[in-house]
Amino acid sequence: MIVLKHAKDYNEMSKMAYSFVKNVVKNNENAVLGLATGSTPIGLYKEMIADYNAGEVSYKNMVSINLDEYVGLPVEHPESYRSFMNTNLFNHVDIDKANTHVPNGLAENVEEACKEYTDFIKAHPIDIQILGIGANGHIGFNEPGTPFGSTTHLVELKEKTRLDNARFFEGDINKVPTHAVTMGLQDIMEAKQILLLASGANKAEAVRDMVYGPISPDCPASVLQLHENVIVVVDEAAGYYLKA
Ligand code: GLP
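Conventions adopted
- Residues numbered from 1 in each chain as written.
- Predicted model: local features only at pLDDT ≥ 70, side-chain atom pairs only at ≥ 80, totals over all residues.
- Heavy atoms only, no water.
- Helix = DSSP H or I, 4+ residues; strand = E, 2+ residues; numbered from the N terminus.
- Rg over C-alpha atoms; globule rule 2.2 N^0.38 Å.
- Buried < 20%, exposed > 50% of the residue type's maximum accessible area, 1.4 Å probe, protein only.
- Contact = heavy atoms within 4.5 Å.
- Near = heavy atom within 4 Å.
- Polar contact = N/O pair within 3.5 Å; in protein donor to acceptor, adjacent residues only side chain to side chain.
- Areas by Shrake-Rupley, 256 points an atom, 1.4 Å probe, with all protein chains shown as cover.
- Nonpolar A, V, L, I, M, F, W, Y, C, P; charged D, E, K, R; others polar.
- Pairing = 2+ DSSP bridges.
- Axes fitted to C-alpha atoms, helices over the stretch in contact; angles between N-to-C directions.

(A) Spatial organisation of the overall build of the protein. The helix and strand inventory of the protein stands at 7 helices and 10 strands. Relative to the 2.2 N^0.38 estimate, which gives 18 Å for 244 residues, the radius of gyration of the protein is 17 Å and therefore close to what a compact globule would have. Overall, the C-alpha framework of the protein stretches about 40 × 40 × 35 Å when taken along its three principal axes. Among the 244 residues that make up the protein, the fraction classed as buried is 53%. Taking contacts inside the protein between residues at least 6 apart in sequence as the whole, the part at least 24 apart equals 79%.

(B) A look at the site of the ligand. Around the ligand sit 13 residues in total, of which Ser 39, Thr 40, Asp 68, Arg 167 and Lys 203 are the nearest. Lys 203 places a side-chain nitrogen or oxygen 2.6 Å from an oxygen atom of the ligand. For the ligand, whose accessible area on its own is 390 Å², the fraction buried by protein is 94%. Residue composition of the shell around the ligand, by class: 3 nonpolar, 7 polar and 3 charged.

(C) Local environment of the sheet that holds strand β6 (residues 128-131). The 7 strands are arranged β1-β10-β9-β6-β2-β3-β5 in an open sheet whose pairing can be described as parallel. Every interior strand has two partners, whereas the edge strands, β1 (2-6) and β5 (100-101), have only one. Here 2 bridges tie strand β3 (residues 63-66) to β5, and the two strands are oriented parallel to one another. Along β5, the bridge assignment pairs Ile 65 with His 101.

(D) Focus on the pairing of β6. By the alternation rule, side chains of β6 split into Ile 128 and Ile 130 and Gln 129 and Leu 131, which are all buried. Of the pairings in the sheet, the one linking strand β2 (residues 32-35) to β6 comprises 2 bridges and is parallel in character. When the bridges of β6 are listed, Gly 34 appears paired with Gln 129. Direction of pairing for β6 relative to strand β9 (residues 194-198): parallel, over a ladder of 3 bridges. By the bridge assignment for β9, Ile 130 is matched with Leu 195.

(E) Just the environment of Ala 135, in detail. One can find Ala 135 in the loop between β6 and β7 (153-156). A C-alpha to C-alpha distance of 7.6 Å links Ala 135 and Glu 205, two positions 70 residues apart in sequence. Leaving out residues up to four positions away in the same chain, Ala 135 has contacts with Lys 160, Asp 164, Asn 202, Lys 203 and Ala 206.

(F) Spotlight on the sheet that holds β7. Ordered in space as β4-β8-β7, the 3 strands form an open sheet in which the pairing is antiparallel. Looking at the sheet topology across the chains shown, the edges are occupied by β4 (68-70) and β7. Ignoring which end each strand starts from, the neighbouring axes of this sheet average 25° apart. By the bridge criterion, 4 bridges tie β7 to strand β8 (residues 179-182) in an arrangement that is antiparallel. Bridge pairing links Val 155 to Ala 180 in β8.

(G) Layout of unusual backbone geometry. The phi angle at Glu 170 is positive, at roughly 55°, despite the residue not being glycine. Along the chain, the position of Glu 170 falls in the loop between α5 (159-165) and β8. Relative accessible area serves as the criterion here: at 66%, Glu 170 is assigned to the exposed category.

(H) How the structure looks around the side chain of Thr 146. Relative to the helices and strands, Thr 146 resides in the loop between β6 and β7. At 2.5 Å, the side chain of Thr 146 and the backbone oxygen of Glu 143 are in polar contact. In this structure Thr 146 touches His 153, Leu 185 and Pro 217, once residues within four positions along its chain are discounted.

Below is the structure:
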């Protein structure tokens with residue numbers, strides 16, 4: 001079931017989102033956090049850092065598992081998702097980096113690395129999975145057409161996704177990697193709770209299709225209608241087509 005939460009703007013969305021995360025991290029010092037990259041969760045991570053600095057939460061014994069990573073970017077590249085996570089969250093809280101997991105975009109045997117990642121997720125059930133949504137309805141890098149039964153796998157990115165992400169690569173689509181490794185839809189659906197955030201008008205149609213659309217691989221996020229515990233926090237622009 002999808003529960004909708006309406007925020008007025010990005011700031012309020014981030015604060016609301018943190019109230020759900022706090023509920024998990026305050027009550028379980030061994031929580032397993034499913035984390036996402038992109039501009040959307042940055043405000044949430046700021047809230048997490050602020051509350052950590054206020055002495056409210058310790059991440060010392062927690063495990064994190066990220067959704068996805070570009071293929072071929074050195075980890076120290078500023079746009080690798082590993083760098084993103086270090087810069088926007090891990091460097092600012094007491095989580096042990098050894099317990100933070102991001103798919104390996106440089107593995108020699110990608111298939112083997114993907115299988116290991118899915119096995120790791122199974123062995124460490126995610127308490128709360130944070131998600132953004134792509135303008136084409138992707139979650140993680142599960143592009144339209146991805147089977148609902150997919151586990152961690154290599155994907156070729158759609159041109160739309162590469163164009164959307166070119167802003168992080170000096171606006172040059174040619175600098176955006178063509179492939180990525182992503183948790184599959186089935187891996188995501190195994191999380192105990194899912195918290196999806198969406199902000200801005202360019203997400204409004206994808207959010208509408210996720211919530212009301214047919215449950216179909218055409219809109220990968222629509223699979224979330226089949227999960228028993230999903231919270232979707234939208235700001236006004238992203239929630240434009242939602243009824244309540
Ligand atoms: C990216 C990521 C997704 C993210 C989405 C939206 O390509 N792989 O995990 O949710 O696209 O990104 P943003 O939050 O920057 O709009």
